[in-house]
Amino acid sequence: MKKVIFLADMLSFYASVEKADHPHLQDKPVIVAGDPKRRSGIILAACPLAKKLGVQTAETLWEAQIKCPKAVIVQPRMERYIEVSYQITRILEQFTDLVEVFSIDEQFMDVTGSQRLFGDPITIARNLQKAIMEGTGVYSRVGIGPNKSLAKIACDAFAKKNREGIFQLDDTNMKEKMWSLPIGKMFGVGRRMEHHLERMGIQKIGHLAQFPVHILKKRWGVNGEVLWQTANGIDHAPVTVNTHEHQKAIGHQTTLPRDYEKMEEIKVILLELSEEVAQRVRSKNYRGSTVSVGVRGADFKHPTGFHRQMKLTSSTDFGMDIFKAAFTLFCAHWDGLPIRSVSITLSQLQPADSYQLSLFDFSLRKEGLSQAMDRIRSKYGQTAIVRASSLTKSGQAFNRAAKIGGHYK
Amino acid sequence: MRPNKLTPGSNLLWESSRMMLPEHKQVLQRHQKELNQKSKPTLDEQQMDLLSQMISDAMEQNCIVKVHLFHLYQDKYMIGKIQKTAPERGEIQLSSKNNSKWIHFGDILDISFPSNEEMNIDHP
């Protein structure tokens, strides 16, 4: 039996949630934007009314306000958006038990086995739209396909643009509909890849589908073959329910409020991030043995920065160990230019129940210290105990504690 | 070989390209756990009678039993000898080599005799 996969995508999700929660905003152009005083002051979401006036996601707030002076600006409430997204997950689960959350506003579902109960795919999609609207007040678009990648393209390229908000791609209309799309519209093709493919004479998805696969494989390896498969409507990845359970890496990233130039300042951020990563790793009962550091330069037009990793001699869940590795990496690779954002990740995770003890690094004292800090923080809040360096001007611990994903909770 | 994006059944293609807030992930992980949560079955009278008969037999013959207990997320078993009963509290005391524990009668789903291998494991 042919599979029937849906991708349900929420229209201007953050803005729609704000409109649903505040009915008096219903007919006004609404913009959800980060704090304009900080770097996060960009447009996170704009409702269709604001978009019609030219407001675009990710532009700065002042650019948007020129185009749309009457827009109501709302501060993001990340906790609320997560809650509504979760509510939508549970609505989808009324139609099938196979639901995979892909992002805060996109979720896959496999309704192959639900058709006898709920009808043909289009009927299910309509009822789903209705259920989401009734439950949350958010308008959703549904892409339908025999696998996830066709469902995604059906949604992005067609369902988002038609009146019904529903579109089905399958073998019968794939060549006619999908192959004539420009190559940049395909899932997995970013700006850079688009450019490479165009230079090879590949303008449309159909061109890529008919391109000799061995040349793509030779140039990009597995990725080349994946692209070719996507262009031909092939994708074997199942809707994976427990996809968020196993964790391969734990990392934190932060965009700084201003460019940091001095080693002393950057050191403070590295330490704060290391401690946060360590705390999260401990709370999940893991230890990790590879530390990676990523840094992005301040100048957008001339991107600088690096992403490097190193393996530790033994696995760890201590902030100081992570910091030492991160700092070594940083010193070795930093070009001295001002910095806009930093990330630290601990990977190669393993359960913390049993691990190789290090002969040279007696860890019991450190363990006691981290346990005490974790307990204080879980009882009295994240900022109840911080490193002294976080109290300097460059510290971001207090600011970060009030946020989710860089925006206010 | 390490699985890649082309490995059948692998979800790497999608996992490598998605954006998820850690806070959102946590909510979903909790949800998954709750989905697997079990509800407690109700035993009928005959089953209850059978269990109490088994408890008294096991005590009389002083033999080791395997008790299946209710747990929200997993199958939980305890192996040992039934030492005492406290009908007024609805509890029995199960003890193994170096441990003993009171078990509420309502938590017992089944009682059986352990296999030879299970006998050697030190429970509870």
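None of the values given here were measured: they were computed from a predicted structure.

Enquirer: Could you clarify how one ought to interpret the overall build of chain A in this entry?
Expert: Of the regular secondary structure elements, chain A holds 16 helices and 14 strands. Rg of the C-alpha trace for chain A: 24 Å, near the compact-globule value of 22 Å for 409 residues, within the 12% margin. Each principal axis of the C-alpha distribution contributes one length, and for chain A these read about 65 × 55 × 45 Å. For chain A, the residues scored as buried account for 40% of the 409 residues in total. Put simply, of all contacts in chain A between residues at least 6 apart along the chain, 62% involve residues at least 24 apart.

Enquirer: Help me understand the interface of chain B and chain A in this model?
Expert: A common way to report how large an interface is uses the accessible area buried once the components associate. In this complex, chain B contributes 22 residues to the contact, which on the side of chain A involves 22 residues. Mapped onto the side of chain B that touches chain A, the elements with two or more residues apiece are helix H1 (12–15) and helix H2 (22–35) of chain B. Ranked by residues supplied to the side of chain B that touches chain A, first place goes to H2(B) with 8 residues. Within the side of chain B that touches chain A, the residues separate by chemical class into 9 nonpolar, 8 polar and 5 charged.

Enquirer: Would you mind going over the pairing of strand S5 (residues 99–103) of chain A with me for this structure?
Expert: Here is the key point about a regular strand: its side chains alternate between the two faces of the sheet. All names here are of chain A. Within S5, 4 of the 5 residues are buried, leaving the element largely enclosed by the surrounding structure. Strand direction decides the pairing type here: S5 and strand S6 (residues 106–110), joined by 4 bridges, are antiparallel. Residue valine 101 lies in a different strand from S6, and its bridge partner there is glutamine 107.

Enquirer: For this particular structure, what's the right way to read the packing of helix H1 (residues 13–21) of chain A against helix H4 (residues 78–92) of chain A?
Expert: All names here are of chain A. At a minimum axis distance of 10 Å, the contact between H1 and H4 shows a crossing angle of 90°. Between H1 and H4, the angle is such that the two are roughly perpendicular. Seen from H1, the contacting residues are Phe13, Tyr14 and Val17; seen from H4, they are Arg80, Tyr81 and Val84. For the contact of H1 with H4, the per-class residue count stands at 5 nonpolar, no polar and 1 charged.

Enquirer: Please explain the nonpolar core as it appears in this structure.
Expert: In a soluble, globular protein the nonpolar side chains are often hidden away together inside. Residue and element names in this part refer to chain A. Core analysis: the biggest nonpolar cluster contains 81 residues, and Phe6, Ile31 and Ala154 have the highest contact counts within it. The leading source of residues in this core is helix H7 (residues 148–159), at 8 residues. Built from parts of two domains, this core gets at least three residues from each of domain 1 (1–166) and domain 2 (179–231). Counting 28 residues, the second-largest nonpolar core is a separate cluster that includes Leu256, Val291, Val293 and Leu329.

Enquirer: Can you help me understand the environment of Leu128(A) in this one?
Expert: Residue and element names in this part refer to chain A. One can find leucine 128 in helix H6 (residues 121–136). Between the C-alpha atom of leucine 128 and that of glutamate 79, which follows or precedes it by 49 residues, the distance is 24 Å. If we skip the residues at most four places from it in the chain, leucine 128 touches Ala8, Phe95 and Val142.

Enquirer: I'm lost on the sheet that holds S5(A) in this one. Help?
Expert: In sheet architecture, strand pairing relies on hydrogen bonds along the backbone and comes in two forms, parallel and antiparallel. Residues and elements named next belong to chain A. The strand order across the open sheet formed by 5 strands is S5-S6-S1-S7-S8, and the pairing between neighbours is mixed. Every interior strand has two partners, whereas the edge strands, S5 and strand S8 (166–168), have only one. Within this sheet the neighbouring strands show an average axis-to-axis angle of 20°, counted without direction. Bridge analysis of strand S7 (residues 140–145) against S8 gives 3 bridges, and the strand direction is parallel. Each bridged residue has a counterpart across the sheet, and for valine 142 the counterpart in S8 is isoleucine 166.

Enquirer: Honestly, the packing of H4(A) against H2(B) in this entry has me stumped. Any pointers?
Expert: Packed helix pairs are characterised by how far apart their axes lie and by the angle those axes make with each other. It is the contact of H4(A) with H2(B), at a shortest axis distance of 10 Å, that shows an interaxial angle of 35°. Note on packing geometry: the crossing formed by H4(A) with H2(B) is right-handed. When H4(A) is examined against H2(B), the residues Ile82(A), Ser85(A) and Tyr86(A) are found in contact with a partner set consisting of Glu23(B), His24(B), Val27(B) and His31(B). Partitioning the contact of H4(A) with H2(B) into residue classes produces 3 nonpolar, 3 polar and 1 charged.

Enquirer: Looking at this model, I keep getting lost on the sheet that holds strand S12 (residues 339–351) of chain A. Mind explaining?
Expert: Residue and element names in this part refer to chain A. Pairing is antiparallel in the open sheet, where 4 strands are placed in the order S9-S12-S10-S11. If you trace the sheet from one side to the other, it starts and ends with strand S9 (249–260) and strand S11 (305–316), each paired once. On average, each strand axis in the sheet is inclined to that of its neighbour by 15°, with strand direction left out of account. Bridge count between strand S10 (residues 286–297) and S11: 8 bridges; the pairing is antiparallel. Directly across from valine 295, in S11, lies its bridge partner phenylalanine 306. Docked against the sheet, helix H13 (residues 263–283) engages S9, S10 and S12, running at close to 155° with respect to S9. Each of S10, S11 and S12 touches helix H14 (residues 319–333); the most contacted strand, S11, lies at about 145° to it.

Enquirer: Where do I start with the environment of Met48(B) in this structure?
Expert: Residues and elements named next belong to chain B. Of note, methionine 48 is situated in helix H3 (residues 45–61). Owing to 13 C-beta atoms within 10 Å, methionine 48 belongs among the partly exposed residues under this scheme. Expressed as a C-alpha distance, the spacing of methionine 48 and isoleucine 92, which sit 44 residues apart in the sequence, is 14 Å.

Enquirer: Help me understand unusual backbone geometry in this model?
Expert: Most peptide bonds take the trans configuration, and most residues that are not glycine carry a negative phi. Of note, Ser12(A) is a non-glycine position whose phi angle comes to about 30°, a positive value. One can find Ser12(A) in the loop between strand S1 (5–10) and H1. Phi is positive for Asn62(B), which is not a glycine, with a value near 55°. Within the secondary structure layout, Asn62(B) lies in the loop between H3 and strand S1 (64–69). In this structure Asn62(B) comes out as exposed when scored by C-beta crowding, with 9 C-beta atoms within 10 Å.

Enquirer: How do you make sense of the environment of Leu69(B) when you look at a structure like this?
Expert: Residue and element names in this part refer to chain B. Along the chain, the position of leucine 69 falls in strand S1. The class of leucine 69 is partly exposed, set by 16 C-beta atoms lying within 10 Å. Each C-alpha atom, one on leucine 69 and one on isoleucine 82, is 14 Å from the other, the two residues being 13 residues apart in sequence. Residues in contact with leucine 69, not counting those within four places in the same chain, are Lys76, Tyr77, Met78, Ile103, Asp107, Ile108 and Leu109.

Definitions and limits used
- Residues numbered from 1 in each chain as written.
- Chains lettered and ligands numbered in written order.
- Predicted model: local features only at pLDDT ≥ 70, side-chain atom pairs only at ≥ 80, totals over all residues.
- Helix = DSSP H or I, 4+ residues; strand = E, 2+ residues; numbered from the N terminus.
- Rg over C-alpha atoms; globule rule 2.2 N^0.38 Å.
- Buried ≥ 20, exposed ≤ 12 C-beta atoms within 10 Å, placed from the backbone.
- Contact = placed C-beta atoms within 7 Å.
- Nonpolar A, V, L, I, M, F, W, Y, C, P; charged D, E, K, R; others polar.
- Pairing = 2+ DSSP bridges.
- Axes fitted to C-alpha atoms, helices over the stretch in contact; angles between N-to-C directions.
- Parallel < 35°, antiparallel > 145°, perpendicular 65-115°, else oblique.
- Core = buried A, V, L, I, M, F, W, Y, C linked by C-beta atoms within 7 Å.
- Domains from an automatic or database assignment.
- Left-handed = near helix turned anticlockwise from the far one by under 90°.

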